[in-house]
Amino acid sequence: MRILFLGNANNPLLINLAIELRKLRSGLTIDILSESPVTHSESRNAFTAVYALPAGKFFRGIPGLKTVWMALQFKKALKRIEKKYDVVHMFFMHVGYTRSMRLIHEVAPKFIVSIFGSELYRSPELILKELEPLASMADHVTAANQQTLTDFCKRFKVGESKTSIRRFGLKPLDAIVEQKSHSLSEHKVAAGLPANSFVIACGYNASAGQQHESIIESLGRVKNRLPSNYLLVFPLAMGDSSRVQLIRTRLTALGLNYHFIEKYLPDEQLAHFRAASDLMIQVQTSDQLAGAMQEHICAGSLVITGDWLPYGVFDELGIQYWKVNIPEQVGEKVIELIGDLSHNRSRVKGNMEKIVKLSGWQSNVKSWLELYP
């Protein structure tokens, strides 16, 4: 069985999916055509071959030009791939591929799409129209939750019989469980943070959808009521790197204490960071089932998220987390949780077992393998 992934070779979800699939089925070949140059240390181990688009920093920095440039690069890359595959599996329905549909069919007879949600919820109508042919061409479509699949089928007029729920396993959960005997201060030191700091993790990538500006403004309004040792931590290794300076400028202007994580963390260190975070704020505009947020929940962070996000599965499982109606309420919610910190920490102690059962690789990898009979 030969599979070609279309996605980002630096995405830990795809890296670990490839690793876990190859563990289960010997002789499985998984290559990837990556939209970004490879920077993650595990990419070359996960994939048999990696075909990556060039950096093209100038072209990627201009929104309209970026789409045209990437479409041309995707087409060039597909033409260069001489191998034949059994399946092409696209992760995130990228508009840049709409001009390469014939080439995709030439590469493999079966085409699977796994939607991440933002291409459906954050795209303007013009882009959604462009994506319609890709949706129609897919032999099968997967998502992490039912609401996203339902919305997808309605918008693109795809029969539900062609869809299924497939959830990514989260490799850092293994390390989080292994490290559960560590103290909070030990986790902080191992994550490279001050041992006595009160860590508030803000989002999990550099994309605009994380709504960093709203988070920062809301926290700025309550900064005098935050613990004196607070530290706002922004993981920015993935997403739009051009936003990093914008975020830094706003934090500095409001006089907030902050720390940026701009490199990919190996699973062990990532697990320490999740557990080192006293609170985690995740109020992006749309989502399916954020892996980073689940890792924080598993590690014992008090998680604040938006009530507009489709996390009904957490409610069904009795997972403890907190919601706000709008991002501007984040600051007051943080103060509320800190006000009864000991009690709130005791309320999240049962989360670890529930998240491991929901999103451990052992619970999910076989369902992915069934896509490739």
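Above this text is the structure in question.
Residues numbered from 1 in each chain as written. Predicted model: local features only at pLDDT ≥ 70, side-chain atom pairs only at ≥ 80, totals over all residues. Heavy atoms only, no water.

Caption draft 1: Highlighting the side chain of histidine 40. Among the secondary structure elements, histidine 40 is positioned in the loop between strand E2 (29-34) and helix H2 (43-46). The exposure class of histidine 40 is buried, given its relative accessible area of 12%. In this structure the side chain of histidine 40 is engaged in a polar contact, spanning 3.1 Å, whose partner is the backbone nitrogen of glutamate 42. Non-local contacts of histidine 40, meaning those with residues more than four positions away in its chain, are made with Asn10, Pro12, Ile15 and Tyr264. (Helix = DSSP H or I, 4+ residues; strand = E, 2+ residues; numbered from the N terminus. Buried < 20%, exposed > 50% of the residue type's maximum accessible area, 1.4 Å probe, protein only. Polar contact = N/O pair within 3.5 Å; in protein donor to acceptor, adjacent residues only side chain to side chain. Contact = heavy atoms within 4.5 Å.)

Caption draft 2: Just the sheet that holds strand E8 (residues 198-202), in detail. Sheet architecture is open: 6 strands sit in the order E10-E9-E8-E11-E12-E13, paired in parallel fashion. The open sheet is flanked by strand E10 (258-261) and strand E13 (322-324), the only strands paired with a single partner. Here the average twist between neighbouring strands, direction ignored, is 25 degrees. As judged from the 4 bridges shared by strand E11 (residues 279-282) and strand E12 (residues 302-306), these two strands associate in the parallel manner. Bridged to methionine 280 within E12 is valine 303. Along the sheet face, helix H14 (residues 291-299) touches E8, E11 and E12 and points at about 150 degrees away from the line of E12. (Pairing = 2+ DSSP bridges. Axes fitted to C-alpha atoms, helices over the stretch in contact; angles between N-to-C directions.)

Caption draft 3: Representation of a nonpolar patch on the surface in the model. On the surface, Phe58, Phe59, Ile62, Leu65, Val68 and Leu72 cluster together to form a nonpolar patch covering roughly 540 Å² of accessible area. When residues of the nonpolar patch are traced back to their parent elements, those giving at least two are helix H3 (57-60) and helix H4 (63-80). If one sorts the elements of the nonpolar patch by residue count, H4 sits on top with 3 residues. Mapped onto the fold, phenylalanine 59 is located in helix H3. Phenylalanine 59 gets classed as partly exposed once you look at its relative accessible area, which sits at 32%. (Patch = residues over 30% accessible without salt bridge, like charges linked within 9 Å, V, L, I, M, F, W, Y side chains within 5 Å. Areas by Shrake-Rupley, 256 points an atom, 1.4 Å probe, with all protein chains shown as cover. Salt bridge = Lys/Arg side-chain N within 4 Å of Asp/Glu carboxyl O.)

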